[in-house]
10 protein chains.
Amino acid sequence: MLFKVTMDVQLPHTMPKETADALKSRERELAQSLQRSGKWRHLWRVVGRYANVSIFDVASSAELHDLLLTLPLFPYMKIEVEALCRHPSSIHEDER
Amino acid sequence: MLFKVTMDVQLPHTMPKETADALKSRERELAQSLQRSGKWRHLWRVVGRYANVSIFDVASSAELHDLLLTLPLFPYMKIEVEALCRHPSSIHEDER
Amino acid sequence: MLFKVTMDVQLPHTMPKETADALKSRERELAQSLQRSGKWRHLWRVVGRYANVSIFDVASSAELHDLLLTLPLFPYMKIEVEALCRHPSSIHEDER
Amino acid sequence: MLFKVTMDVQLPHTMPKETADALKSRERELAQSLQRSGKWRHLWRVVGRYANVSIFDVASSAELHDLLLTLPLFPYMKIEVEALCRHPSSIHEDER
Amino acid sequence: MLFKVTMDVQLPHTMPKETADALKSRERELAQSLQRSGKWRHLWRVVGRYANVSIFDVASSAELHDLLLTLPLFPYMKIEVEALCRHPSSIHEDER
Amino acid sequence: MLFKVTMDVQLPHTMPKETADALKSRERELAQSLQRSGKWRHLWRVVGRYANVSIFDVASSAELHDLLLTLPLFPYMKIEVEALCRHPSSIHEDER
Amino acid sequence: MLFKVTMDVQLPHTMPKETADALKSRERELAQSLQRSGKWRHLWRVVGRYANVSIFDVASSAELHDLLLTLPLFPYMKIEVEALCRHPSSIHEDER
Amino acid sequence: MLFKVTMDVQLPHTMPKETADALKSRERELAQSLQRSGKWRHLWRVVGRYANVSIFDVASSAELHDLLLTLPLFPYMKIEVEALCRHPSSIHEDER
Amino acid sequence: MLFKVTMDVQLPHTMPKETADALKSRERELAQSLQRSGKWRHLWRVVGRYANVSIFDVASSAELHDLLLTLPLFPYMKIEVEALCRHPSSIHEDER
Amino acid sequence: MLFKVTMDVQLPHTMPKETADALKSRERELAQSLQRSGKWRHLWRVVGRYANVSIFDVASSAELHDLLLTLPLFPYMKIEVEALCRHPSSIHEDER
């Protein structure tokens, strides 16, 4: 099941650089692991902003919530979720 | 070059059903042709709305504009365009 | 899987009363049938507005979209969909 | 009488983890007690956000206000309240 | 129980003057009757707009919805409802 | 002359409890004194929020501004002012 | 007493030119008469829009409402009213 | 050339009273000097808010920007600028 | 003096194609004439929308208003105007 | 390829003046270097705000993102990006 997820990151300016770097490093590792698993199907940067547009492919919305909660940057992100499904004009039979 | 495009369709309630059906049929043909060409890389329905979220892969923003202008439903759509690029945490080397 | 759905109805003032009544009657029948099937779990009126707040329990977001599309009032409603899941402080083991 | 209540939690990043944990623990206890009493009829997590959608069943709006004020997280929540009532197409005779 | 209700009226410019006058006349009669009954406790004009701010005193939110539905101008109004209760700094013991 | 005033209070989380209590105590005293004088005609709590909806009856908008400025919580409130007047369907001859 | 009033005019595209011209002509006459009386103290065009920013000087907000209601374009305008008063840093003793 | 300028002041609650008083005192001096020069033609307080509505009369928009930059409260203000010009229904030949 | 102007065009779907074509043709002629005169310094299409972003170079805001009023599509456009000036980090001495 | 970029700068009031000056100085150097290279084609100040409107001419949206990321003020700016292209009524053959 597909969801479009938009994440806007806002780290406090007072956060020490080491803390921020550690958070980002762990975030990247998890993001890459989830991409390899196929759950985080697409991950794009929004031009000009510290934000991404992502497509998740999960078994349920509960699974999506649990995944997002594990992201190290979760407390510093504004997240918007939108449910997607196959478009009748798609040339693919599945939601791809 | 990738762009996320959101299209909300609003046909006037006074439009005859035949006119609407003809527009939608031509829209679908063009959408499928553009998907096969690789320009319209993804096309998803937004759940609960007569709207789609799409990813276009074009050579320039001018090419994107020209493509969108050719859509038969263009005069009846509210369109939002957002430039995307490769995310540094993507597991792919390209913008895929 | 649960989704909160908000539907705001706006019938054109020019619609003949018979057409509106027929639409509403078919809408009610379908809404009641979907409630009895358990898919449309809750249906509440928003005080002071021709709108409802609903909870749907479906197998997938695609199923939700297909259900909403069949509603006779669909072309006249502004619909917003929000994915819900079990809250960790809920006293129930499931999403109820 | 039914009210839909949406609560968005925003704890300050500077709050010590122990303080936050204590607040959340007391919030959970009270939320569960109110659920068991039947006042807090439904409690769902909004997917991807530290927020909930709830349905309260109270004798008056004053009672609802008093309940919300006792929540330990009240000072850290953005709360929206919307009055609901039975929908004429509901299959139930009461507001359930 | 008190509710603040804001009503913005927007009659279509194409409505014949007689129809509009008849609607307004019936609206006024009903509004005055509800004021005399004590249900519609206050009714004020918003300066510069075809709109009012009102305070209703009803037994339940369902009763409020039923009252608003009977207003002849209901189909032409944008209505917002907000639940109020006694303020702890009020000099009155009741919600007055 | 009547004005509807909405006040949303937002005390900084870092304010010591004693300071907050002293501010609120002085606010309450002044609010009650102004109610007794008839200037602050109505004061209601908005359900679920640290906010009020008020009706002021003053000789001029300048007088209203001067009153609001004297409120101890003024620096911590988001205030919105809307001018009201007698509604032509009111059953009272004055603005009551 | 001063009020800032913003008026945005939106005439229906279907209004015959003669009707529009007659409305505008009567609007101008009344606007000029009110300016000469000193009630409509300032009248400026907003650059690029069919809109104005105005300053009214009236005895009460009720008088302002009555004046605005008499404007021939009232049914076609979106009006916003904001109460103003003398600024403490003004070099004038009055609200001028 | 006329511009309407709206300034909303938001001083940090942590600013020492002496610093705030000094800023406000210098702001007032400059505001009065600019009023006497004729550049800051009108200065009104918005009722109920720490904000003003002003009319500037300058030779160019660049001059307006330079004036606003010199205001001691500039870093603490949200400023909105709107270009105005003579209204065709004004009874004055100039922009007054 | 520079102004950024954004124009969103919305022609009624009921406008006959000949009328629309005639309007657009006259709009283009005037736009090109104003570009050649140097008043309409830049004219860009916003990708995906029937809208443009323009830079005007005029002697006064009144001149800008008069120019915009002469555009044949003026009654069908939503126009936003923003005053610009030379940026202190510009490598040019003038506003270019 | 052209992009309109709007940048709103918001430095924390607690930032030491030396830090702010150093950031601004490096920002100016880079901005001027990018202007000389032709990538940052236009840079204008928005009147009354610590903000700019810019036109970038880059080979791809990815290049634009990389340029913006290098700006020393990037963490303190709210940035909006809009893709532009040649307007059919432009008198130039290219996007100039």
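Residues numbered from 1 in each chain as written. Chains lettered and ligands numbered in written order. Predicted model: local features only at pLDDT ≥ 70, side-chain atom pairs only at ≥ 80, totals over all residues. Heavy atoms only, no water.

Per an unreviewed UniProt entry, the recorded name for chain A is Muconolactone Delta-isomerase, and the organism is Herbaspirillum rhizosphaerae. The UniProt entry for chain A carries the following comment under Sequence similarities (unreviewed entry): "Belongs to the muconolactone Delta-isomerase family." Taken directly from UniProt, the Catalytic activity (unreviewed entry) text for chain A runs: "(S)-muconolactone = (4,5-dihydro-5-oxofuran-2-yl)-acetate". (UniProt positions renumbered as here; feature names shortened; annotations may be inferred.)

**Quick word on the overall build of chain A**
For chain A, the count of helices and strands is two helices and four strands. The N-to-C order of helical and strand elements in chain A reads β-α-β-β-α-β. Over its C-alpha atoms, taken along the principal directions, chain A stretches across nearly 50 × 25 × 20 Å. Burial statistics for chain A: of 96 residues in total, 54% are counted as buried. For chain A, restricting intrachain contacts to residue pairs at least 6 apart in sequence, the fraction spanning at least 24 positions comes to 66%. Measuring between centres, the 13 positive side-chain charges of chain A sit 5 Å from its 13 negative side-chain charges. (Helix = DSSP H or I, 4+ residues; strand = E, 2+ residues; numbered from the N terminus. Buried < 20%, exposed > 50% of the residue type's maximum accessible area, 1.4 Å probe, protein only. Contact = heavy atoms within 4.5 Å. Lys, Arg positive; Asp, Glu negative; His and termini not counted. Charge placed at Lys NZ, Arg CZ, Asp CG, Glu CD.)

**A word on the relation of the copies chain C and chain D**
For the pair chain C and chain D, the best superposition has an RMSD of 0.0 Å and corresponds to a rotation of 180° with a translation of 0.0 Å parallel to the axis. Interpreted geometrically, this transformation is the action of a two-fold axis. Interface residue correspondence from chain C to chain D reaches 97%, placing this contact among same-surface, isologous pairings. (Least-squares fit on C-alpha atoms with pLDDT ≥ 70 in both.)

**A word on the relation of the copies chain G and chain I**
You can overlay chain G on chain I at an RMSD of 0.0 Å; the transform is a turn of 72° with a shift of 0.0 Å along its axis. In short, the pair behaves as if placed about a five-fold rotation axis. Measuring from the rotation axis to each C-alpha of chain G, the shortest distance belongs to Thr14(G), at 8.6 Å.

**Here we look at the state of the cysteines**
With the rule as written, the count across this model stands at zero disulfides over all chains. Cys85(E) takes part in no disulfide bond, and the closest cysteine sulfur to it belongs to Cys85(D), at a distance of 20 Å. (Disulfide = S-S within 2.5 Å.)

**Observations regarding the interface of chain G and chain I**
Across the boundary between the two partners, chain G contributes seven residues, which contact 10 residues of chain I. Of the roughly 640 Å² buried between chain G and chain I, counting both surfaces, carbon and sulfur atoms make up 69%. Interface area lost by chain G to chain I is led by His13(G), Val47(G) and Gly48(G), which between them contribute 78%. The tally of links from chain G across to chain I stands at zero salt bridges. Counting across the chain G and chain I interface gives one residue pair in polar contact (both at pLDDT 80 or more). For the side of chain G that touches chain I, the residue count by class is three nonpolar, two polar and two charged. (Buried area = accessible area lost by both parts, 1.4 Å probe. Salt bridge = Lys/Arg side-chain N within 4 Å of Asp/Glu carboxyl O. Polar contact = N/O pair within 3.5 Å; in protein donor to acceptor, adjacent residues only side chain to side chain. Nonpolar A, V, L, I, M, F, W, Y, C, P; charged D, E, K, R; others polar.)

**Digging into the pairing of strand E2 (residues 40–46) of chain I**
In regular strands, side chains alternate between the two faces of the sheet. All names here are of chain I. Of all seven residues in E2, six are buried; the element is thus mostly enclosed. When E2 meets strand E3 (residues 51–57), the two strands line up antiparallel, connected through five bridges. If you follow Trp-40 over to E3, its bridge partner there is Phe-56. Remark: four residues form the turn of the hairpin made by E2 and E3, two consecutive strands paired antiparallel; Gly-48 in that turn has positive phi of roughly 90°. (Pairing = 2+ DSSP bridges.)

**A closer look at the sheet that holds strand E1 (residues 2–9) of chain E**
The strand order around the closed barrel formed by eight strands is E1(E)-E3(E)-E2(E)-E4(F)-E1(F)-E3(F)-E2(F)-E4(E), and the pairing between neighbours is antiparallel. In this sheet, adjacent strand axes meet at a mean angle of 35° when their direction is disregarded. Running over the sheet, helix H2 (residues 61–69) of chain G touches strand E2 (40–46) of chain E together with strand E1 (2–9) and strand E4 (77–86) of chain F and is turned about 65° from E4(F). (Axes fitted to C-alpha atoms, helices over the stretch in contact; angles between N-to-C directions.)

**Points about the arrangement of the chains**
For chain A and chain E, which are not in contact, the least C-alpha distance works out to 26 Å. Contact between chain C and chain I is absent, and the minimum C-alpha spacing across the pair is 16 Å.

**Things to note about the interface of chain C and chain D**
Facing 29 residues of chain C, the contacting portion of chain D comprises 28 residues. When chain C packs against chain D, close to 2700 Å² is buried across both sides, 61% of that on carbon and sulfur atoms. On the surface where chain C and chain D come into contact, there are two salt bridges. Glu82(C) is the partner of Arg49(D) in a salt bridge, and the nearest nitrogen-oxygen pair spans 3.2 Å. For the side of chain C that touches chain D, the secondary structure elements donating two or more residues are strand E1 (2–9), helix H1 (17–37), strand E2 (40–46), strand E3 (51–57) and strand E4 (77–86) of chain C. Among the residues making up the side of chain C that touches chain D, the classes are represented as 13 nonpolar, seven polar and nine charged.

**Points about the sheet that holds E1(C)**
If you walk around this closed barrel you meet the eight strands as E1(C)-E3(C)-E2(C)-E4(D)-E1(D)-E3(D)-E2(D)-E4(C), and the pairing is antiparallel. Within the sheet, the average angular offset between the axes of one strand and its neighbour, ignoring direction, is 35°.

**Focus: the side chain of His42(H)**
If you trace the backbone, His42(H) turns up in strand E2 (residues 40–46). At 3.4 Å, the side chain of His42(H) forms a polar contact with the side chain of His42(G).

**Things to note about the UniProt feature "domain: Muconolactone isomerase" (unreviewed entry) in chain A**
Look at the UniProt record and you will see "domain: Muconolactone isomerase" (unreviewed entry) annotated at residues 1–89 of chain A. Along residues 1–89 of chain A, the helical share is 34% and the strand share 36%, with 18 Å between the first and last C-alpha atoms.

**Section: the environment of Cys85(I)**
On the secondary structure map, Cys85(I) appears in strand E4 (residues 77–86). In the structure, Cys85(I) is positioned 11 residues away from Arg96(I) in sequence and 9.2 Å away in space, judged by C-alpha atoms. The contacts of Cys85(I), once residues within four sequence positions are left out, are Ala62(H), His65(H), Glu95(I), Trp44(J), Arg45(J) and Val47(J).

**What about the pattern of salt bridges?**
One pass over the structure, following the stated rule, counts 70 salt bridges over all chains. Here Asp21(A) ties to Lys17(A) by a salt bridge, and the two come within 2.6 Å at their closest N and O atoms. Taken as a pair, Asp21(A) and Lys17(A) lie in helix H1 (residues 17–37) at a separation of four residues, close to a single helical turn. Residues joined by salt bridges that share partners form a network here, namely Lys4(A), Glu82(A), Asp8(B) and Arg49(B).

**Some words on helix H1 (residues 17–37) of chain E**
Residues and elements named next belong to chain E. For H1, spanning 21 residues, the distance from its first C-alpha to its last is 30 Å, which sits close to the expected 30 Å at 1.5 Å a residue. Those residues of H1 that are buried are in contact with E2, helix H2 (61–69) and strand E4 (77–86). Just downstream of H1 lies Gly-38, where phi reads positive at about 90°. (Expected span 1.5 Å × (residues − 1).)

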